[in-house]
Amino acid sequence: MPIQSTLQDPARLPPTGDRAGPSRRWALTPTLVLGSLAAAVWASGVNGALFRTLNAAAAGLPAALWAMLSVCGTVLGAVALLAPSLKTQPRWLASAFLAAPLAMLFSEGGKRYFDVLRPAGFLAADSFNLIGHKLYVHAFPSGHATTVFVVAAVLVLAWPRPERRLRVGLLALGLAALLAFSRIAVGAHWPLDVLTGAAGGWLCGAAGVWLSARLRFWEGPGGVRVLATVALATSMALLFVDAGQPDVRLFRIGLAAWGIGGAAAALMRGREDFQ
């Protein structure tokens, strides 16, 4: 890779010196805060009461809003959202893909091991607000929360301008929290599921960024085309998979088009763009 290209793109540089300190703090602090909140909810025994309060409060906003946010928090939705970044910041999606095996092991392994009932499997149907498909089992931890906090972590920790990391971090954490909260709003998860999934997702995302600094396949045209091909396929899948929210089909089509367009733009990059 030419020296000039490396110097012009800070995202291509591995963390060194002052860059490493903020990255380590950002990798650990959100995980510790979210994990502490999850521990507090578990120890205090307020998980059920907190769910009812938050779910009832969210019912004051349109159901379609929470359904759309929930779709964005799926793996398919998250990849589609990131797809347009492939043309200028392929490291983000590469980091997310590298984090995916750890995130899946954490989320799916936890669901099978703990086998916690979801609100619909524990509460009376008329006692809370349910939006979308009724799910009964495998509540802990929330896969959606894990996914969106993986994405938030890779955006923040691989942001090309470290001096803006605080501003970007606050925005990314706020948006990720909103997307994760949508799982409580639609009645699919307990607060403990969401907080634990968020903590694990952020840590997995940090691991993905760490790996992307060492496995630098995303810097060349071949690696970007592989990422774009996967993003194209997953975005197209949104046209056929309702992600548990069948009433927001037009939104899913729009999100799929966003991802397809972004992936196609990356596939059309010429070799000269990587010089």
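What you see is a predicted model; the values in this text were computed from it and never measured.

Novice: Lay out the overall build of the protein chain in plain terms, naming residues and giving numbers.
Specialist: Per the secondary structure count, the protein chain includes 12 helices and 0 strands. In sequence order, the secondary structure elements of the protein chain are arranged as α-α-α-α-α-α-α-α-α-α-α-α. Looking at the protein chain as a whole, 49% of its 275 residues qualify as buried. The contacts of the protein chain with a sequence gap of at least 6 include a subset with a gap of at least 24, amounting to 81%.

Novice: Outline the packing of helix 8 (residues 143-157) against helix 9 (residues 165-185), supporting the account with residue identities and numerical values.
Specialist: Across the interface, helix 8 lies against helix 9 with an axial gap of 9 Å and an inter-helix angle of 170 degrees. As judged from the angle between their axes, helix 8 and helix 9 are roughly antiparallel. On helix 9, the residues that touch His144, Ala145, Val148, Phe149, Ala152, Val156 and Leu157 of helix 8 are Arg165, Val168, Gly169, Ala172, Leu173, Ala176, Ala177, Leu179, Ala180 and Arg183. Looking at the contact of helix 8 with helix 9 residue by residue, the classes come out as 13 nonpolar, 2 polar and 2 charged.

Novice: Describe in detail the pattern of salt bridges, supporting the description with residues and values.
Specialist: Under the defined criterion, the tally for this structure stands at 3 salt bridges. One salt bridge in this structure joins Glu108 and Arg112, with 2.6 Å as the shortest N-O distance. Of the two residues, Glu108 and Arg112 are both situated in helix 6 (residues 90-114); the distance of 4 residues between them amounts to about one turn of the helix. Glu108 gets classed as partly exposed once you look at its relative accessible area, which sits at 34%. Taking the relative accessible area as the measure of exposure, Arg112 reaches 51% and is therefore exposed. In this structure, Arg216 engages Glu219 in a salt bridge whose closest nitrogen and oxygen atoms are separated by 3.1 Å. Judged by its relative accessible area of 13%, Glu219 is buried.

Novice: Now, about the side chain of Arg118: what can you tell me, with residues and values included?
Specialist: Within the secondary structure, Arg118 sits in the loop between helix 6 and helix 7 (119-122). There is no salt bridge for the buried Arg118, and the closest opposite charge comes from Asp193, which lies 6.5 Å off by N-O distance. A distance of 3.1 Å separates the side chain of Arg118 from the backbone oxygen of Ala188, its partner in a polar contact. Among the polar contacts listed, one links the side chain of Arg118 to the side chain of His189, at a separation of 3.1 Å. Excluding residues within four positions of it along the chain, Arg118 makes contact with Lys111, Leu135, Tyr136, Val137, His138, Ala139, Arg183, Ala188, His189 and Trp190.

Novice: So what's going on with the layout of surface pockets? Residues and values would help.
Specialist: Empty space among the atoms can be located by rolling a probe the size of a water molecule over them. One number sums up the size of the largest pocket: a volume of about 560 Å³. Lining the largest pocket are 28 residues; nearest its centre among them are Val75, Met104, Glu108, Gly143 and Thr147. Among the elements that take part in the lining of the largest pocket, helix 6 stands out by supplying 10 residues, more than any other. Grouping the constituent residues of the lining of the largest pocket by class yields 14 nonpolar, 9 polar and 5 charged.

Novice: Residue-level account of the packing of aromatic side chains, with values.
Specialist: On inspection of all chains with the given rule, the structure shows 7 aromatic pairs. On the basis of an interplanar angle of 75 degrees and a centroid distance of 6.0 Å, the ring pair of Phe122 and Trp190 is categorised as edge-to-face. Remark: Trp190 occurs in the loop between helix 9 and helix 10 (191-212) and Phe122 occurs in helix 7; sequence separation between them is 68 residues. One aromatic cluster is present, built from ring pairs that chain together Phe51, Phe122, Phe128 and Trp190.

Novice: Report on helix 3 (residues 47-58), specifying residues and quantitative values.
Specialist: The end-to-end C-alpha distance of helix 3, which contains 12 residues, comes to 16 Å, matching closely the 16 Å that a straight helix rising 1.5 Å per residue would cover. Three or more residues of helix 3 are buried, namely Asn47, Phe51, Asn55 and Ala58. Buried residues of helix 3, viewed axially, fall in a sector of 60 degrees; they line one side. Of the exposed residues in helix 3, the ones pointing more than 90 degrees away from its buried face are Thr53, Ala56 and Ala57.

Novice: Lay out a nonpolar patch on the surface in plain terms, naming residues and giving numbers.
Specialist: Together, Met236, Leu239, Phe240, Val241, Leu250 and Ile253 make up a nonpolar patch on the protein surface, roughly 590 Å² of accessible area in all. The residue Met236 is located in helix 11 (residues 221-237) in this model. Judged by its relative accessible area of 39%, Met236 is partly exposed.

The rules behind each value
- Residues numbered from 1 in each chain as written.
- Predicted model: local features only at pLDDT ≥ 70, side-chain atom pairs only at ≥ 80, totals over all residues.
- Heavy atoms only, no water.
- Helix = DSSP H or I, 4+ residues; strand = E, 2+ residues; numbered from the N terminus.
- Buried < 20%, exposed > 50% of the residue type's maximum accessible area, 1.4 Å probe, protein only.
- Contact = heavy atoms within 4.5 Å.
- Axes fitted to C-alpha atoms, helices over the stretch in contact; angles between N-to-C directions.
- Parallel < 35°, antiparallel > 145°, perpendicular 65-115°, else oblique.
- Nonpolar A, V, L, I, M, F, W, Y, C, P; charged D, E, K, R; others polar.
- Salt bridge = Lys/Arg side-chain N within 4 Å of Asp/Glu carboxyl O.
- Lys, Arg positive; Asp, Glu negative; His and termini not counted.
- Polar contact = N/O pair within 3.5 Å; in protein donor to acceptor, adjacent residues only side chain to side chain.
- 1 Å grid on protein atoms, 1.4 Å probe; cavity = no way out; pocket = protein on both sides within 12 Å on 5 of 7 lines; lining within 4 Å.
- Points joined across faces, edges and corners; volume = space filled by probe spheres on them.
- Phe/Tyr/Trp six-rings, centres within 6.5 Å; stacked < 30°, edge-to-face > 60°.
- Expected span 1.5 Å × (residues − 1).
- Arc of directions from axis to C-beta.
- Patch = residues over 30% accessible without salt bridge, like charges linked within 9 Å, V, L, I, M, F, W, Y side chains within 5 Å.
- Areas by Shrake-Rupley, 256 points an atom, 1.4 Å probe, with all protein chains shown as cover.

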